Amino acid sequence: MNTKRNLTKVLLLAAFLPLCITSHIFSAATDNHTVTVTLTVINEVAITGGNVTLTINTAVAGGEPIDEVDNSTCDLDWTTNEASKKITVVSSLSAAAQNFTLLVVAQNVTGGTAASEVTVDDSAADFVTGISTTTGGCDLQYTGQALMSDGTGSDVHTITYTLTAA
Amino acid sequence: MKNTVLILLLLLISSSGICWAAAIVVSGSWAETIDASDLQAGAGSDLIDTYESTANEVGSG
């Protein structure tokens, strides 16, 4: 009788033991997968404020026309996640095609260093330098200059700012 | 009676084995590409701070 009981016990043990073991075998304590975050090159530059009109219409008797200045209409903003960048400025008009002089300079610059005031023509000139992995902006100050000998008329420039490698 | 106790004990041991076994499964993957369209307000602004996968793009259990 005791032998039968013992056999029952052993059989029961043999029946339940695999449950314990398999539960450990088929369960994983860790798992993994991939999460990829990619940041592409970002170089953005934008003019805000629209177009600018400079009208030179004053002069002191006996003197040349007084320069016309606008530094409140437009801003230039930029964002780059690359190093060693600068912004250049270029006009659609060559110097020879211009009747008057147009100058531009960056004021109140953040995220870069203003270059010296530029007389714009169709050759790209440095406008803001020292731009590196940053956001930035400036006020655009345009100055129109003319001489009495220039007569009257209009120069219509298309001014282009480009964020480029320094 | 003894057999009943033994069976209950074995059942307890068996089930506790299942409870102790940690189980975690991660399914799916996520890839996020951040570009100029993620700027907060265009040129002059910085990137959006946080990016989240869509719901259920990555699952776990």
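These numbers were taken from a predicted model, which means no experiment stands behind them.

Q: With reference to specific residues and values, describe the overall build of chain B.
A: On a plain count of helices and strands, chain B comes out with one helix and three strands. In chain B, the succession of α and β elements from N to C terminus is α-β-β-β. Considering chain B as a whole, with its 61 residues, one finds that 3% of them fall into the buried category.

Q: I'd love a proper account of unusual backbone geometry, names of residues and values included.
A: Residues and elements named next belong to chain A. One non-glycine residue, S84, adopts positive backbone phi at about 55 degrees. Considering the arrangement of structural elements, one finds S84 in the loop between β4 (75–80) and β5 (85–91). Judged by local crowding, S84 falls into the exposed class, with 12 C-beta atoms found within 10 Å. Phi is positive for T133, which is not a glycine, with a value near 40 degrees. Tracing the backbone through its elements, the reader meets T133 in the loop between β9 (125–131) and β10 (134–145).

Q: Describe the confidence of the model for chain B, naming the residues involved and giving the relevant values.
A: All names here are of chain B. Of the residues in chain B, 64% reach a pLDDT of 70 or more, and the chain-wide mean stands at 78. No element of chain B has a lower mean pLDDT than helix α1 (residues 2–20), at 55, and none a higher one than strand β2 (residues 30–34), at 94. Overall fold confidence for the complex sits at a pTM of 0.77, while the interface term, ipTM, reaches 0.73.

Q: An account of the sheet that holds β9(A) is needed here, citing residue identities and associated values.
A: Residues and elements named next belong to chain A. Pairing is antiparallel across the open sheet formed by four strands, whose spatial order is β7-β9-β5-β11. Bordering the open sheet on either side are β7 (113–114) and β11 (159–165), each of which pairs with just one other strand. Where β5 lies against β9, four bridges are found, and the strand directions are antiparallel. Within β9, the position partnered with K85 by the bridge is I131.

Q: Could you give an account of the pairing of β5(A), with specific residues and numbers?
A: All names here are of chain A. Taking every second residue as pointing to the same face, the buried face of β5 carries K85, I87, V89 and S91, while none of K86, T88 and V90 on the other face is buried. Taken together, the seven bridges between β5 and β11 define a ladder with antiparallel strand orientation. Counterpart to V89 in the pairing with β11 is Y161.

Q: Help me get a handle on the nonpolar core, residues and values and all.
A: Across soluble globular proteins, you tend to see nonpolar side chains buried next to one another. Residue and element names in this part refer to chain A. The biggest cluster of nonpolar side chains holds 22 residues, and the ones touching the most others in it are V45, W78, I87, V104, V118, F127 and V128. Where this core is concerned, the elements lending two or more residues are β4, β5, β6 (101–110), β9, β10 and β11. Per-element tally for this core: the top contributor is β6, with five residues. Residue contacts for V104: discarding those within four places in its chain leaves V89, V118, V120, L140, Q141 and Y142.

Rules used throughout
Residues numbered from 1 in each chain as written. Chains lettered and ligands numbered in written order. Predicted model: local features only at pLDDT ≥ 70, side-chain atom pairs only at ≥ 80, totals over all residues. Helix = DSSP H or I, 4+ residues; strand = E, 2+ residues; numbered from the N terminus. Buried ≥ 20, exposed ≤ 12 C-beta atoms within 10 Å, placed from the backbone. pLDDT = per-residue confidence, 0-100. Pairing = 2+ DSSP bridges. Core = buried A, V, L, I, M, F, W, Y, C linked by C-beta atoms within 7 Å. Contact = placed C-beta atoms within 7 Å.

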